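Listed below, chain by chain, are the residues.
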Amino acid sequence: MRLGVLASGRGTNLQSLIDACQGGRIDAEVVIVLSDVADAPALLRARRRGIPALFIDPREENFEGRLLEALSEARAELICLAGFVRVLSPSFLKGAGVPILNIHPSLLPAFRGLRAQQRALEYGVKVAGCTVHLVDEKVDHGPIVIQAPVPVFEDDTPESLAERILREEHRIYPEAVQFFAEGRVRVEGRRAQILPRRP
Ligand code: GRF
């Protein structure tokens, strides 16, 4: 399955996808990486592995159109948001014509939006975690594909909790992609059902 990845920052989730693909652990290939940040480390991570990586200037009027163009030229069959900080418009979602996944560092629907790990800690939750979900028109909202819980310890800081969650993010994002590569995801309303593996 051909993956297009959109990333704005350090790109550790992108790295986990590249590693899983190039290590033959999932039946997928990252065919293009796009960023709205010119010096995003994510772009370097991609180039280091021989993957085309483009900065597209978000100040351009046709920013989303350019993203779509690049994704379709690369023949992406699944789009993965990996720390992409922009909200995509309904017309982007429609224009993409392929499923779009996002990873979020909380057990949705709790703590949608920014600084989810810090807000979870401040709220006093005892279990935190991460979610891979399909993207719909609302932020951190679409049908859930996989979630992973992690414990919150008494002496956690936002950083230590974020790090524990991140390790799980790196595990479940490739796993979610593999479900799509195997054609095992059926979406009905809010529910993304994972079908059993065919014998
Ligand atoms: C991750 O915590 C992800 O859940 C959130 O943004 C962060 C991106 O980190 N959406 P990285 O750029 O993948 O290292």
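Residues numbered from 1 in each chain as written. Predicted model: local features only at pLDDT ≥ 70, side-chain atom pairs only at ≥ 80, totals over all residues. Heavy atoms only, no water.

*Asks:* Hey, could you run me through the pairing of strand 9 (residues 191-194) in this one?
*Replies:* Pairing of strand 8 (residues 185-188) with strand 9 involves four bridges; the strand directions are antiparallel. The partner of valine 185 across the bridge, within strand 9, is isoleucine 194. In sequence, strand 8 turns back onto strand 9 through a hairpin of two residues, with glycine 189 there showing a positive phi of about 60°. (Pairing = 2+ DSSP bridges. Helix = DSSP H or I, 4+ residues; strand = E, 2+ residues; numbered from the N terminus.)

*Asks:* Would you explain the site of the ligand in this entry?
*Replies:* As a matter of local geometry, the ligand sits amid Arg10, Gly11, Thr12, Asn13, Gly83, Ile103, His104, Pro105 and Glu169. Glutamate 169 is positioned with one of its side-chain polar atoms (N or O) 2.7 Å from an oxygen atom of the ligand. Taking 370 Å² as the accessible area of the ligand by itself, protein coverage stands at 85%. Looking at the shell around the ligand, the elements that each hand over two or more residues are helix 1 (12-22) and strand 5 (100-104). Across the shell around the ligand, the residue classes tally to two nonpolar, five polar and two charged. (Near = heavy atom within 4 Å. Polar contact = N/O pair within 3.5 Å; in protein donor to acceptor, adjacent residues only side chain to side chain. Areas by Shrake-Rupley, 256 points an atom, 1.4 Å probe, with all protein chains shown as cover. Nonpolar A, V, L, I, M, F, W, Y, C, P; charged D, E, K, R; others polar.)

*Asks:* Quick question: what am I supposed to make of helix 2 (residues 41-48) here?
*Replies:* Considered for burial, the residues of helix 2 that qualify are Ala42, Leu43 and Ala46. Looking straight down helix 2, one finds its buried side chains confined to an arc of 100°; they lie on one side. Lining the buried residues of helix 2 we find helix 1, strand 2 (29-35) and strand 3 (53-55). Positioned one or two residues after helix 2, glycine 50 has a phi angle of 75°, which is positive. (Buried < 20%, exposed > 50% of the residue type's maximum accessible area, 1.4 Å probe, protein only. Arc of directions from axis to C-beta. Contact = heavy atoms within 4.5 Å.)

*Asks:* How do you make sense of the layout of surface pockets when you look at a structure like this?
*Replies:* The probe, sized like a water molecule, is rolled over the atoms to show the empty space still left. The calculated volume of the largest pocket comes to roughly 860 Å³. Secondary structure elements with two or more residues in the lining of the largest pocket: helix 1, strand 5, helix 5 (116-123) and helix 6 (158-181). With five residues, helix 6 is the largest single contributor of residues to the lining of the largest pocket. Looking at side-chain class alone, the lining of the largest pocket contains 14 nonpolar, eleven polar and ten charged residues. (1 Å grid on protein atoms, 1.4 Å probe; cavity = no way out; pocket = protein on both sides within 12 Å on 5 of 7 lines; lining within 4 Å. Points joined across faces, edges and corners; volume = space filled by probe spheres on them.)

*Asks:* Hey, could you run me through helix 3 (residues 63-73) in this one?
*Replies:* Helical periodicity: at 3.6 residues per turn, an α-helix aligns residues three or four positions apart in one direction. Regarding helix 3, the residues found buried are Phe63, Glu64, Leu67, Ala70 and Leu71. Taken down its axis, helix 3 places every buried residue within 125° of arc, on the same side. Seen from the open side of helix 3, the exposed residues pointing more than 90 degrees away from its buried face are Ser72 and Glu73. Tucked inside the fold, the buried residues of helix 3 contact strand 1 (2-6), strand 2, strand 3, strand 4 (78-81) and helix 4 (90-96).

*Asks:* When you look at the packing of aromatic side chains in this model, what are you seeing that I'm missing?
*Replies:* Any pair of aromatic rings gets described here by the distance separating the centres and the angle formed by the planes. Under the definition given, this model contains one aromatic pair. Taking 5.8 Å as the distance between ring centres and 70° as the angle between the ring planes, the aromatic pair formed by phenylalanine 111 and tyrosine 123 counts as edge-to-face. You can see phenylalanine 111 sitting in the loop between strand 5 and helix 5 and its partner tyrosine 123 sitting in helix 5, a full twelve residues away along the chain. By relative accessible area, which is 17% here, phenylalanine 111 ends up buried. Judged by its relative accessible area of 66%, tyrosine 123 falls in the exposed class. Lying over the aromatic face of phenylalanine 63, arginine 86 brings its terminal NZ or CZ to 5.7 Å of the ring centre. (Phe/Tyr/Trp six-rings, centres within 6.5 Å; stacked < 30°, edge-to-face > 60°. Lys NZ or Arg CZ within 6 Å of the ring centre and 35° of its normal.)

*Asks:* Help me understand the pattern of salt bridges in this model?
*Replies:* A side chain with one charge may pair with a side chain of the opposite charge, provided their charged atoms come close. The full count for this structure, using the stated rule, is twelve salt bridges. Note that glutamate 175 and arginine 171 form a salt bridge whose closest N and O atoms lie 3.4 Å from each other. Within this pair, glutamate 175 and its partner arginine 171 are both found in helix 6, separated by four residues, close to a single helical turn. Overall, glutamate 175 belongs to the partly exposed group, its relative accessible area being 32%. Across the pair arginine 184 and glutamate 182 runs a salt bridge, and its minimum N-O distance is 2.7 Å. (Salt bridge = Lys/Arg side-chain N within 4 Å of Asp/Glu carboxyl O.)

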